[in-house]
Amino acid sequence: MKLGRERFEALVAEALDALPGPFTQQMRNVEVVIELWPSARTLRDAGVPRDETLFGLYEGIPLTERTSAYGNVLPDKITIFQGPIEAACDSEDDVRAEVSHTVVHEFAHFFGIGDEQLRRWGVY
């Protein structure tokens, strides 16, 4: 399901707005960006098998790993990849649901929650 860039951005904004207040209050020094597709290098660096892709990527220092020495660093970055999400979805409602899931998943990493824990919770 192909959406225009503006519509996709609106769905990402909608997903961010839906995050619970207690979580968003903790989200400092993090930026969310949208890219069309992950690069080959990004996929390789993230250890993604050749026949798979990424819907989102968290890059930074999770809150659980920050010490009192944390400061004067570039923002953490959450990238949402529009192309792979659209390619996997059949409708705008599917895209909305996948964007929401991906945003929650990547912010879980920001909060120090790993893939294994997300799998145990049935989120991943």
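Coordinates for the structure precede this section.
Residues numbered from 1 in each chain as written. Predicted model: local features only at pLDDT ≥ 70, side-chain atom pairs only at ≥ 80, totals over all residues. Heavy atoms only, no water.

Engineer: Go over the overall build of the chain, please, and point to the residues and values.
Structural biologist: When helices and strands are tallied, the chain shows six helices and three strands. Ordered by position from N to C terminus, the α and β elements of the chain give α-α-β-α-β-β-α-α-α. Looking at the chain residue by residue over its 124 residues, the buried ones come to 32%. Within the chain, counting contacts between residues at least 6 apart in sequence, those at least 24 apart form 71% of the total. Carbon and sulfur atoms form 51% of the exposed surface of the chain, whose accessible area is close to 7600 Å². Measuring between centres, the 12 positive side-chain charges of the chain sit 5 Å from its 21 negative side-chain charges. (Helix = DSSP H or I, 4+ residues; strand = E, 2+ residues; numbered from the N terminus. Buried < 20%, exposed > 50% of the residue type's maximum accessible area, 1.4 Å probe, protein only. Contact = heavy atoms within 4.5 Å. Areas by Shrake-Rupley, 256 points an atom, 1.4 Å probe, with all protein chains shown as cover. Lys, Arg positive; Asp, Glu negative; His and termini not counted. Charge placed at Lys NZ, Arg CZ, Asp CG, Glu CD.)

Engineer: If you had to explain the environment of isoleucine 61 to someone new, which residues and values would you point to?
Structural biologist: Note on placement: isoleucine 61 falls in the loop between strand S2 (56-59) and strand S3 (76-81). For isoleucine 61, a relative accessible area of 35% gives the class partly exposed. Between the C-alpha atom of isoleucine 61 and that of valine 73, which follows or precedes it by 12 residues, the distance is 9.8 Å. Setting aside its immediate chain neighbours within four residues, isoleucine 61 contacts Arg66, Tyr70 and Asp76.

Engineer: Please provide a residue-by-residue account of unusual backbone geometry, values included.
Structural biologist: A positive phi angle is found at asparagine 29, which is not glycine, with a value near 60°. Along the chain, the position of asparagine 29 falls in the loop between helix H2 (21-24) and strand S1 (30-35). At asparagine 72, a residue that is not glycine, the phi angle is positive and equals roughly 50°.

Engineer: Hey, could you go over the environment of alanine 46 for me, with residue numbers and the actual values?
Structural biologist: If you trace the backbone, alanine 46 turns up in the loop between helix H3 (40-45) and S2. With a relative accessible area of 38%, alanine 46 lands in the partly exposed category. Expressed as a C-alpha distance, the spacing of alanine 46 and leucine 57, which sit 11 residues apart in the sequence, is 8.5 Å.

Engineer: Can you tell me about the packing of helix H1 (residues 5-17) against helix H5 (residues 92-110), naming the residues and giving the values?
Structural biologist: Interhelical geometry of H1 versus H5 gives an angle of 50° and a closest axis separation of 9 Å. It follows that H1 is oblique to H5 by the angle criterion. Crossing hand, H1 versus H5: right-handed. Here Arg7, Phe8, Leu11, Val12, Glu14, Ala15 and Leu16 of H1 lie close against H5, whose contacting residues are Glu92, Val95, Arg96, Val99, Ser100, Val103 and Phe107. (Axes fitted to C-alpha atoms, helices over the stretch in contact; angles between N-to-C directions. Parallel < 35°, antiparallel > 145°, perpendicular 65-115°, else oblique. Left-handed = near helix turned anticlockwise from the far one by under 90°.)

Engineer: Report on the pattern of salt bridges, specifying residues and quantitative values.
Structural biologist: By the definition in use, this model includes nine salt bridges. We note a salt bridge from arginine 7 to glutamate 92, for which the minimum N-O separation is 2.6 Å. Remark: glutamate 92 occurs in helix H5 and arginine 7 occurs in helix H1; sequence separation between them is 85 residues. Since its relative accessible area comes to 31%, arginine 7 is described here as partly exposed. The class of glutamate 92 is partly exposed, set by a relative accessible area of 26%. (Salt bridge = Lys/Arg side-chain N within 4 Å of Asp/Glu carboxyl O.)

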